[in-house]
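Each chain is listed here by its residues.
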Amino acid sequence: MEKPGNSFIELKNVSVLRGGIKILDNINLNINPNENVAVIGPNGSGKSTFIKLITGALHPSYTGDDTVCRLFGNSKWNISELRGRLGIVTNELQYDFHSDITGFETVLSGFFSSVGISINHTVTDEMKEKAVRMTDFMEISALNGRKIETMSSGEARRFLIARALVNEPEVLILDEPSNSLDISSAAKLHKTMRKISSSGTKIILVTHLASDIIPEIGRFIFFKNGKIFADGNRKDVFTGPVLSSLFDMDAELSEKDGICRLA
Ligand SMILES: Nc1ncnc2c1ncn2[C@@H]1O[C@H](COP(=O)(O)OP(=O)(O)OP(=O)(O)O)[C@@H](O)[C@H]1O
Ligand SMILES: [Mg+2]
């Protein structure tokens, strides 16, 4: 039996109930700290709920003896403990940043898990240097002084990724990062995810677009109706036939120059 602590996430018999419906139904899985994972499934299948569960934003609805929900080996955690281990970018988070905050303040606020910087935050020179490094890495430093509300979705998304990376997390979780990006911004994001992956940070990516899937992703977890529909490696799971039954339609998967397409 695997010892607690060996997994990034360990879920056994985990369900989440909302409005009398199991929106996650008896989930069992482990994700190890060395895996890059794609989470795929139809709208409403439970992907974002799963992300909330594995980022500590949500707890299982039942806590029987047979329920296990551990993050980095712990069933109890607080957000500041998780801060240095998990970076999170979701569309909901981006929505929170539609305010009078500059790009650079957005990145700095990653050190405090806050939305922007206030007089209660002590920003050190080391933090500023790190934030500069991250904006360089994300190729957005030219926009550091701009208010986030004046940026395009793609520009703001890159600042949020820099914010998530500022604590050098072990795992970066991206929930539909290419949402509302044009094809050129989505291609740029694809390259950025590869760069992040090669820097050693593991990626858990929720997406509806096959073109988001970077070659470094080896494990695929498919959700359907709140349940795990398939969970396995690229060769066995990320295929036209499995995707066809996941989405109840004929789907063909092709790949050219490391970019996947589903038609
Ligand atoms: N607080 C809530 N109250 C009631 N139902 C909820 C709540 N949160 C989520 N749900 C429902 O749970 C289901 C799963 O939602 P979730 O956001 O996890 O889906 P998703 O797979 O991320 O979908 P999408 O691809 O559209 O982002 C949906 O049917 C949603 O309406
Ligand atoms: Mg979602």
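Preceding this section is the structure that the text describes.
Residues numbered from 1 in each chain as written. Chains lettered and ligands numbered in written order. Predicted model: local features only at pLDDT ≥ 70, side-chain atom pairs only at ≥ 80, totals over all residues.

Chemist: Run through the overall build of the chain, naming residues and quoting values.
Modeler: If you tally the helices and strands in the chain, you get 9 helices and 11 strands. Here the C-alpha coordinates of the chain stretch approximately 50 × 45 × 35 Å along the principal axes. For the chain, the proportion of its 263 residues judged to be buried stands at 33%. Relative to all contacts within the chain whose residues are 6 or more apart in sequence, the contacts with residues 24 or more apart total 65%. (Helix = DSSP H or I, 4+ residues; strand = E, 2+ residues; numbered from the N terminus. Buried ≥ 20, exposed ≤ 12 C-beta atoms within 10 Å, placed from the backbone. Contact = placed C-beta atoms within 7 Å.)

Chemist: Describe the environment of T150, naming the residues involved and giving the relevant values.
Modeler: For T150, the position within the fold is in the loop between α5 (125-137) and α6 (153-165). Overall, the presence of 11 C-beta atoms within 10 Å leaves T150 in the exposed class. Along the sequence, T150 and A57 sit 93 residues apart, while their C-alpha atoms lie 29 Å from each other.

Chemist: Give me the pairing of strand β2 (residues 21-31): which residues, what numbers.
Modeler: For strand β1 (residues 9-18) and β2, the ladder comprises 7 bridges, and the chain directions are antiparallel. Residue pairing for β2: V16 is matched across the bridge by L24. Between the antiparallel neighbours β1 and β2 lie 2 residues, among them G19 with a positive phi of about 55°. (Pairing = 2+ DSSP bridges.)

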